[in-house]
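Inside the fold
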Amino acid sequence: MRAGSKYIHAGTEPDPSTGAIMTPIYQTSTYVQSAPGQHKGYEYARSQNPTRKALEDALAVIENGKYGLAFSSGVAATDAVIKLLAPGDEVIAGNDMYGGTYRLFTKVFEKFGIKFHYVDMHDLANIENAVNANTKLIWTETPTNPLINITDIEAVAAISKKHNALLCVDNTFASPYLQNPLDLGADIVMHSSTKYLGGHSDVIQGALVMNDADLREKLYFIQKSCGAVPGPMDCFLVLRGIKTLHVRMQRHCENGEKIAHFLRNHAAVAHVYWCGFEDHPGYAIAKKQMRGFGGMMSFTLKDDSAKNATRVLSSTHLFALAESLGGVESLINHPASMTHASIPREERIKNGLTDSLIRLSVGIEDVEDLIEDLNKAIG
Ligand SMILES: Cc1ncc(COP(=O)(O)O)c(C=O)c1O
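Residues numbered from 1 in each chain as written. Predicted model: local features only at pLDDT ≥ 70, side-chain atom pairs only at ≥ 80, totals over all residues. Heavy atoms only, no water.

**Some remarks on unusual backbone geometry**
To keep it simple, the criterion reads: Numbering of helices and strands runs from the N terminus; a helix is a DSSP stretch of H or I covering at least four residues, while a strand is a stretch of E covering at least two. Throughout, exposure labels follow a simple rule: accessible area from a 1.4 Å probe, protein chains only, divided by the maximum for the residue type, with under 20% read as buried, over 50% as exposed, and the rest as partly exposed.
A cis amide bond, omega -10°, links T142 with the succeeding residue P143. Within the element layout of this structure, P143 appears in the loop between β4 (135-141) and α6 (153-162). Note the cis peptide between N145 and P146, where omega equals 15°. Mapped onto the secondary structure, P146 falls in the loop between β4 and α6. Positive phi is not limited to glycine here, since I148 has a value of about 55°. Residue classification places I148 among the buried residues on the basis of a relative accessible area of 1%. Even without being glycine, S175 reaches a positive phi, approximately 70°. Relative to the assigned elements, S175 resides in helix α7 (residues 175-178).

**A few points about the packing of helix α10 (residues 245-264) against helix α14 (residues 367-378)**
What counts, and what does not: Under this scheme, a helix contributes an axis fitted over its contacting stretch, all axes are lines through C-alpha atoms, and angles between N-to-C directions fall in the 0 to 180 degree range. Just so you know how the angles are binned, under 35 degrees is roughly parallel, over 145 roughly antiparallel, 65 to 115 roughly perpendicular, and the rest oblique. Crossings are sorted by hand: turned counterclockwise from the far helix by less than a right angle, the near helix makes the crossing left-handed, and turned clockwise it makes it right-handed. Residues are treated as being in contact if the distance between any of their heavy atoms lies within 4.5 Å. Residue type decides the class: Asp, Glu, Lys and Arg count as charged, Ala, Val, Leu, Ile, Met, Phe, Trp, Tyr, Cys and Pro as nonpolar, and the leftover types, Gly among them, as polar.
Where α10 contacts α14, the axes come no closer than 10 Å and their chain directions differ by 30°. The pairing of α10 with α14 is recorded here as roughly parallel in orientation. The two elements α10 and α14 meet at a crossing, and its hand is right-handed. For the pair formed by α10 and α14, the contact residues are N255, K258, I259, F262 and L263 on the first element and V367, L370, I371, L374, N375 and I378 on the second. When its residues are assigned to classes, the contact of α10 with α14 shows eight nonpolar, two polar and one charged.

**A look at the pairing of strand β9 (residues 296-301)**
Put simply, the rule is: Pairing between two strands requires that DSSP report at least two bridges joining them.
Burial analysis of β9 places six of its six residues in the buried class, the great majority of the element. Across the two faces of β9 the burial is the same, with M296, S298 and T300 and M297, F299 and L301 all buried. Pairing analysis gives four bridges linking strand β8 (residues 269-273) to β9, with the strands arranged antiparallel. Within the sheet, the bridge partner assigned to Y273 lies in β9 and is S298.

**What about the packing of aromatic side chains?**
Using the following cut-off: Pairs were defined over the aromatic rings of Phe, Tyr and Trp, the Trp ring being its six-membered one, requiring ring centres within 6.5 Å. Orientation was assigned from the angle between planes: stacked under 30 degrees, edge-to-face over 60, tilted for the rest. As a reminder, the over-ring test applies to NZ of lysine and CZ of arginine, requiring each to be within 6 Å of the ring centre and within 35 degrees of the ring normal.
For the coordinates displayed, the defined rule picks out nine aromatic pairs. Judged by centre distance (5.4 Å) and plane angle (45°), the ring pair of Y31 and Y42 falls under tilted. Within this pair, whereas Y31 is found in the loop between α1 (3-9) and α2 (50-62), its partner Y42 is found in the loop between α1 and α2, the two being separated by eleven residues in sequence. A relative accessible area of 15% places Y31 in the buried class. A ring pair is formed by W274 and F277, whose centres lie 5.2 Å apart and whose planes are at 80°; its orientation type is edge-to-face. Look at W274 and you get buried, because its relative accessible area is 2%. Here the aromatic residues Y102, F105, F116, Y118 and W139 are joined through ring pairs into a cluster of three or more. When the ring centre of Y98 is taken as reference, the NZ or CZ atom of K195 above it lies at 6.0 Å.

These figures capture arrangement, not role.
Shown next as structure tokens:
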């Protein structure tokens, strides 16, 4: 199946009991057994739920993987991956990524004896230099949140294979419509399904997709043992979101391109971070591994003060000032005080995330309205 048909039909069959075309929301905590141990494959809803099963099958299909697992949030999915490790194990992660991932690594897992190295993944030598006998996982986000840096997934997969480490790619910003990391050699794809997969800013959820059966068993064991499972209503919402992923992403990409160029030509804008510009340092790799450049971007102002950034952030009307991204409506965000506030300031600034950086999640409204809104706010 081609992408569009895949997104609409992935994982879903008409309900066998009624023929309902939409997967029912199985709002149940348990399942009746005819005799001890005799059941229809469903025992207790933390371990199995039919709505979640339909979603997990769909996640596998859209990421070209064999197995999908859904979690109660994106960070819960990340948490499950790190729980594959043991004290003494080491992780190499990008130095530019979602602040909540950084917080989970530094504030939760470091104290359990897992060591994290943060490197600029644009230069592969930095990854090679950080590898040692304890390296068990390479974690990368591409494009990154919020600086839209690009990592060469195929090249990093070659490094991880050489050193018997797993490679997990956070594919939240690209979505499966633009990029499929498993096809490029990654072992696990992670999503904050809260974002483009759900697509309507009405659900918090996470996902993992993989090909290896043993890895699936380990991650399923963590999912049911730790219990960060999504409810059936939320699974239904993400299943519904996936059905329009391709249509929404096409518009996110079209609007994103127009807004990135508008910002770049604006007299008050200093720098625009968007991977579709030919002079973006990751452009060639993005072109190779992505099918479009998406609607996520960040920018700085020539009057590079937090005060000026605050003025712009508080002056838009269509772009809502809010955390999150990937919904149909456009959002504007101040990473330093919002999504990335958990990263210490020196660390942020060292990696280019300045106090005045503004991040946009370009929605699917009429682009002329979005441009007018930004133009008035930037002044
Ligand atoms: C790139 C990325 N990864 C992971 C997450 C965490 O996902 P969630 O908020 O669903 O827990 C986010 C949230 O913003 C994100 O942007």
